[in-house]
Each structure stands twice: as C-alpha cells, then as structure tokens.
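# Coordinate analysis (summary)
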Amino acid sequence: MSDNVAHALSGAGGGIVSMILTYPLITISSRLQVQRNSAHPSEDDYKNTGDAFVKILKTEGPQGLYSGINSALFGISVTNGIYYYFYEAVKAVFEKRGKRSMTTGESMLAGAIAGSAVVFVTNPIWTVNTRITTYKKKLDKQEADGKPLKHQRAPTTMETAMEILKTDGFKGFYAGLLPALILVINPIIQYTVFEQLKARWMKLKSSNLSAWEFFVLGAVSKLAATGITYPYIVLKARQQAASKKSSGTNKPSLIQELRDIFKAEGFAGLYNGLSSKLLQSVLTSAFLFMMKEELFRWAVWTLVVLGARKPARVVEPLDWTYNNTTVRKLHYFQYDSSYTHRMPQPAHLGLLGPVIRAEVGDNVTVHCWNKANVPISMHPHGLHYTFEDEGALYDGSSANGSSPADGHSIVWGYHSHVHEDKDVNAGLVGPIVVYKEGTLGAWSPRDPDREFFAAFMAINDAQSSILSNSTELHYTINGYTHDIPDMVMEYAERVRWYLMAWGGEMDVHTAVWSSGEVMWGYQASNEMTLMPASFRTVDMLANTPGRHTLFCKTPLHRKGGMEAAYVVREAVGSGRRKNSKAKVVPSE
Ligand SMILES: [Cu+2]
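Computed from a predicted structure; not experimentally measured.

Procedures and definitions
Residues numbered from 1 in each chain as written. Predicted model: local features only at pLDDT ≥ 70, side-chain atom pairs only at ≥ 80, totals over all residues. Heavy atoms only, no water. Helix = DSSP H or I, 4+ residues; strand = E, 2+ residues; numbered from the N terminus. Buried < 20%, exposed > 50% of the residue type's maximum accessible area, 1.4 Å probe, protein only. Contact = heavy atoms within 4.5 Å. Areas by Shrake-Rupley, 256 points an atom, 1.4 Å probe, with all protein chains shown as cover. Pairing = 2+ DSSP bridges. Core = buried A, V, L, I, M, F, W, Y, C linked by side-chain atoms within 4.5 Å. Phe/Tyr/Trp six-rings, centres within 6.5 Å; stacked < 30°, edge-to-face > 60°. Lys NZ or Arg CZ within 6 Å of the ring centre and 35° of its normal. Polar contact = N/O pair within 3.5 Å; in protein donor to acceptor, adjacent residues only side chain to side chain. Donors = N, O, S within 2.8 Å, 3.2 Å for Na, K, Ca; no water. pLDDT = per-residue confidence, 0-100. UniProt positions renumbered as here; feature names shortened; annotations may be inferred. Expected span 1.5 Å × (residues − 1). Salt bridge = Lys/Arg side-chain N within 4 Å of Asp/Glu carboxyl O. Axes fitted to C-alpha atoms, helices over the stretch in contact; angles between N-to-C directions. Patch = residues over 30% accessible without salt bridge, like charges linked within 9 Å, V, L, I, M, F, W, Y side chains within 5 Å.

So, about the overall build of the protein. Looking only at helices and strands, the protein features 14 helices and 18 strands. By the burial criterion, 52% of the 588 residues in the protein qualify as buried. For the protein, the proportion of contacts with a sequence separation of at least 24, taken over those separated by at least 6, is 70%. Of the accessible surface of the protein, which amounts to about 27,100 Å², a share of 60% is contributed by carbon and sulfur atoms.

Another point: the pairing of strand S18 (residues 563-569). In terms of burial, S18 is a largely internal element, 5 of the 7 residues being buried. Summarising the sheet, strand S10 (residues 488-490) and S18 pair through 3 bridges and their orientation is parallel. Across the sheet, the residue bridging to Met489 is Val568, located in S18. Inspection of the sheet shows strand S17 (residues 546-552) paired to S18 by 6 bridges, in the antiparallel sense. Bridge assignment links Leu550 to a residue of S18, and that residue is Ala564.

What follows deals with the sheet that holds strand S6 (residues 409-415). Spatially, 4 strands are ordered S3-S7-S6-S5 in an open sheet, and the strand pairing comes out mixed. Edge strands, defined here as strands with exactly one partner in the open sheet, are strand S3 (356-359) and strand S5 (379-380). Of the pairings in the sheet, the one linking S3 to strand S7 (residues 429-435) comprises 4 bridges and is parallel in character. When the bridges of S7 are listed, Glu359 appears paired with Tyr435.

A few words now on the nonpolar core. If you look at the biggest cluster of nonpolar residues, it comprises 68 residues, and the most contacted ones within it are Phe456, Met489, Trp497, Leu499, Trp513 and Leu550. A total of 8 residues in this core trace back to one element, the largest contributor, which is strand S8 (residues 450-460). Those residues in contact with Met489 that sit more than four places away from it in its chain are Arg450, Phe452, Val495, Trp497, Met540, Ala542, Tyr566, Val567, Val568 and Arg569. Counting 20 residues, the second largest nonpolar core, distinct from the first, contains Tyr84, Val118, Phe194 and Phe289.

Tallying each qualifying case throughout the model produces 19 aromatic pairs. Chaining the aromatic ring pairs together yields one cluster made of Tyr83, Tyr84, Tyr87, Tyr191, Phe194, Phe214 and Phe289. One cation-aromatic arrangement involves Arg558 over Phe551; the distance from NZ or CZ to the ring centre is 3.7 Å.

Here Arg496 is to be found in strand S11 (residues 494-501). Given a relative accessible area of 3%, Arg496 falls into the buried group. Distance from Arg496 to Gly407, taken between C-alpha atoms, is 9.4 Å for residues 89 residues apart in sequence. If sequence neighbours within four positions are ignored, Arg496 has contacts with Gly407, His408, Ser409, Pro448, Arg450, Glu451, Phe452, Thr537, Val538 and Asp539. Reaching out from Arg496, the side chain makes a polar contact with the side chain of Asp539 at a distance of 2.7 Å.

A word on the coordination of the copper ion. Ideal values for angles at a metal depend on the geometry: 109.5 degrees with four tetrahedral donors, 90 or 180 degrees with six octahedral donors. On the protein side, the copper ion has His509 (ND1), Cys552 (SG) and His557 (ND1) as donor atoms, found 1.9 to 2.1 Å from it. In primary-sequence terms, the residues that donate to the copper ion follow H-x42-C-x4-H. Remark: Cys552 occurs in strand S17 and His509 occurs in strand S12 (residues 509-513); sequence separation between them is 43 residues. Exposure class is identical for His509 and Cys552. Each is buried.

Turning our attention to the confidence of the model for the protein. Looking at the protein, the pLDDT average stands at 78 and 79% of residues meet or exceed 70. Taking the mean pLDDT of every element in the protein, the minimum, 46, falls on helix H10 (residues 244-247) and the maximum, 95, on S12.

This paragraph deals with the UniProt feature "transmembrane region" (unreviewed entry) in the protein. Here, the residues flagged by UniProt with the feature "transmembrane region" (unreviewed entry) are residues 6-26, 65-87, 107-128, 172-194 and 214-235. Regarding residues 65-87, the helix share stands at 87% and the strand share at 0%, and the terminal C-alpha atoms are separated by 32 Å. Span residues 107-128 is 100% helix and 0% strand, its end C-alpha atoms 31 Å apart.

The end-to-end C-alpha separation of helix H8 (residues 185-205) is 30 Å, in line with the 30 Å expected for 21 residues at 1.5 Å each. Within H8, the full set of buried residues consists of Asn186, Pro187, Ile188, Ile189, Gln190, Tyr191, Thr192, Phe194, Lys198 and Met202.

Per the stated rule, a full pass over the model turns up 10 salt bridges. For Asp449, the salt bridge goes to Arg494, with nearest N and O atoms at 3.5 Å. Placement of Asp449 in the loop between S7 and S8 and of Arg494 in strand S11 is noted, with a sequence separation of 45 residues between them. Look at Arg494 and you get partly exposed, because its relative accessible area is 21%.

What follows concerns the sheet that holds S10. Strand pairs in the sheet, formed through backbone hydrogen bonds, run parallel or antiparallel to each other. Here we have 5 strands laid out as an open sheet, ordered S10-S18-S17-S12-S15, and mixed in their pairing. What marks the edges here is a single partner per strand, and that holds for S10 and strand S15 (527-530). The sheet shows a mean angle of 20° between the axes of neighbouring strands, taken without regard to direction.

This part is about a nonpolar patch on the surface. On the surface, a nonpolar cluster with roughly 300 Å² of combined accessible area is contributed by Ile16, Val17, Ile20 and Leu21. On the secondary structure map, Ile20 appears in helix H1 (residues 3-34). Judged by its relative accessible area of 41%, Ile20 is partly exposed.

Next up on the list: the environment of Glu195. Relative to the helices and strands, Glu195 is located in helix H8. Each C-alpha atom, one on Glu195 and one on Leu217, is 9.0 Å from the other, the two residues being 22 residues apart in sequence.

Structure representation (structure tokens):
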C-alpha cells in the first residue's frame, strides 16, 4: 500500500479537527454573504463578524454557531481525503517517472486533478450545508415578518438533501458547479505556495520544520489562495442559497449574479464577509498543516498495526561476539508488517542490516522504528532522495542506477548519519542493491547465480554511539573476524560479490580472492581496492573447487581478523548448472 492512503487519512483527520476549531466563523461568514447590503436593512442585520458572533450566540446559543456542522465535518473529511489521495497518487507517478521531486508545474497539475475529483464528489455536500446555514437566517427574517416557513427549525442534513432532490432534482446538487470548479484554483495556489515556501524554508534552516512553522506556512499559503479566489466564493454561496422556492423564478446565471452584485454593492460586494471567511479558511489551513505531519505518522502506524503496511526495519540492540569478546551493538532488523516477527537474513551478512533491493525507477520506502535509546537515522548512498529523506544534516543527493557497462545490479549502502562514524561503529550499516529495470527477481541468463556481501570494516568499539565496556579495534568483514559462516557456492556458479567499505582513513582496504580472478566490468584481477564509503560490484566464476580465502591485503588488517573462508563445492552430476538457480529473493 502506498503512502497516499495514509495521507488521505491524516488529511481527513486534520480537516475534522480544524473544522471543529473554526466552524463558528463559517456560520458567520455564510450568513454575512447572504445578507445583502441593500435588502431591507433591519435591526437584526449583522453589522460585522463580531456583531454576528454575539447575536447568534445570544439568540440561538452555541449550537447556533455549529448549525450544519455534521455535513461540514463530513464534507471536509471527504474533501481532504479525496484531495490528498489523488494529489499523492499523481505526485508518486510524477516522481517515479521524473526520478526527482515534482516541479511547480507538475504540482499544479496534480492539484488540478485532485481538486477536480474533490469538486465532483463534494459539491452536493456543500450545497446542502450552505442551505442549512442560510435557512436559519431566513427563518428568523420570515418570523419577524409574520410569515413563518414550513419548518420551524433548521432542517437536518437528510431533510435538506431530500428537499433539494424533490424541488430541483439531481442537478440541484450541482448548483454553482462552475464557480466550484474555478475554486479548484484555490488549493492549487495554496499547495504550490506551501510546497515552494516549505522547500525554501527547510533549505534555509537545514532541518525539519516545527509544528508552528507549518502553522505559519499553512496560513500564508491559504491567505494567498483565498485573496485571489474569494469573489468566486461569494458568487457560489449566493447562487446556492437562491433556491427556486424563495425567488419564484429560475436561478440567476453566474454572469447575472455577478452583474447584480456589482450594480447593488459595487466591487466591495465581491469581498462581502471577507474578514470572517478569510480568517476561517486561513485558520483551518494553518491548523491542518500544523497537524498533518503528526497525523500522517499516526496514520502510517495505524495502517502498520492493521497489517496494511509493508515490512519494516526496527533498530534494536544486538549483542555481537567477535573472537572472544561480546560487545553491545545496534542493528537494523527487518520485521514483518505486524512488527512481531523478525525476518531471518543470510548468516554471512553478520553485523550488516537487511539488504534493500530495488530496481531502477522504484520508490524505496523504509519504515524505521528506533527502539534504541540514542537518536539514529537512515542515510542512503546511490539512491536519489529529497531533502526530507536525506537522513543527514547536509544538502546533497546522488542517484545511481546500474549503467549499461555495469552488470544487472550494483551495490550501494545505507547507514545511520546522526553521528556518522560512531553510528557505523555501533553497527548501523547495511547494503542497498540497485537492479536494472525488470531484472529483480526474474533472472536472465547473464545474471549471477548467487550473491555475497562483504563490508570491510575496521570497527572501533571505543567510538561507538552505544556505550559498551569494550575499547577494542576490530578488523572485520561484515563484523566477523577470521571467519564468515555459510559462504558456500557450487562449482561453475556465477557469483556476484557486493563489496563495501565504511569508516575513516583506517578503512583503506584491498580485497583479495585466493581462488583467482574476479571481473570488475571488463577488468580481470584477483583483487579490488576499497576506499572509505566506497562500493564495488565484481563477478566471479566459481571454477576452482576447494576452500579459499577472502582477505585484506594489508597485513595488519588480515592478522587482525579481516579474512574469511569461502568454499566452492565440487561439481555434482554432469550438467554444468545442475545445482545452480537463482538464490536471490525479490525485494519486499
Ligand atoms: Cu584492510
């Protein structure tokens, strides 16, 4: 399941809370809009937002301010849910195709698609809602004139919907559809301004934004959007409020309505009731964006608990044994989607975290639950990421698939980047393998039969981000010293070695295979140099049965433990590839 469901849920939730907080302003703004300046001014007319607030509270009590909130809550949750669902879905398509963040133009198009979907679903809801709030006002007026209406109270949502269906038919729900569609421009402006400001602000700050910064961004973006589109809101509310029953004639067209307003009230009429409406929509937007990020996290976890999310990584302590000493480390564990079962990984990976496998063009989402008592992150090498997904506190990005000259897959890696060197010494590293499109899990004849990972790491226990009683320096491959379990291959298998080096100036290594040559591109050698934070992918044909050694050529490193046996088993049977088959599991 992709993120857009979680975005839809959190958008809906954020909308509901924001709506409850700001709904009284909607009531006031809606009534002010309907109350035309020129139509028989009376004592009861609201003079301004504050006056309306006091009058409604005095005559109708708090429930007067919240009349019609049911359909408003329903409306906002549906609106936001649909909007975020489509916006994030379109965004994912753009980002997958372009392999980068959306451009401004793309984000506007995504907004237009999402906004249009919203309008077609929600226009009936808002039609009903506007009728209810304006009916109350009419009710008061008619009572004062001694001509009571049919209902002596504001009708319920269902009654109003049935009424519209009876008098205007189904198309009654789509009164004011055109201005509503024009209003799609509002969220487009709002989200574009929001995204642009957010990106710039984050770059300036070099970190994530706080809830209050989101509040300000939400307010500013909505201010810009509503300032531009407000006249349409006035038109829409008036057109929806003008039902056949009260006017006795057909509904005025949009142009007619516009002309009438100009004639009677001038340009200012288009901004009638602006103060309360603007305040309300700006506050709603501000609250929504303030809560959205946090609610998104909750939504993700809810989906995880319901089992609707993919497997996840959990960082937990791990007691790791070198030759004879046991040291507390941290480890990225892979769990199933319920977070109850640890997924096994090949023994030779040792201290390395789970292998992240992806094809060129894939979006990789990792859900990481930090159960350690130190802050950690996940910073990828070789993948494209946006600033939010950097996992490190500087700006930079790299995107490297396997090029035409490479084999079908190349290795990269990830590590925690809160305290880079200490986190790596703690054990928070793991491999990333990027496959060519269409080759992951579907092997073609040129693909390897087997994959091994070998990270050459000088691990300094004294410089670890998790406290331990050890201050030793260990020369390891995958955390192992002098031996790695289960590095066994069959005769004539094509074996791909994914080599990694991390750490600092100590981590200059020369990997050597005692069995003979490996191929790095078109270059054959029995060794491969590794510099700190470098990644090499080499291929080997397992044509020399026996027990061999993979080691670092630096004597100090090898003596310290940077060596491991690998075994090429004797051929069984006659067929060259009798026992060979793809050993690689597809990425989750
Ligand atoms: Cu070395």
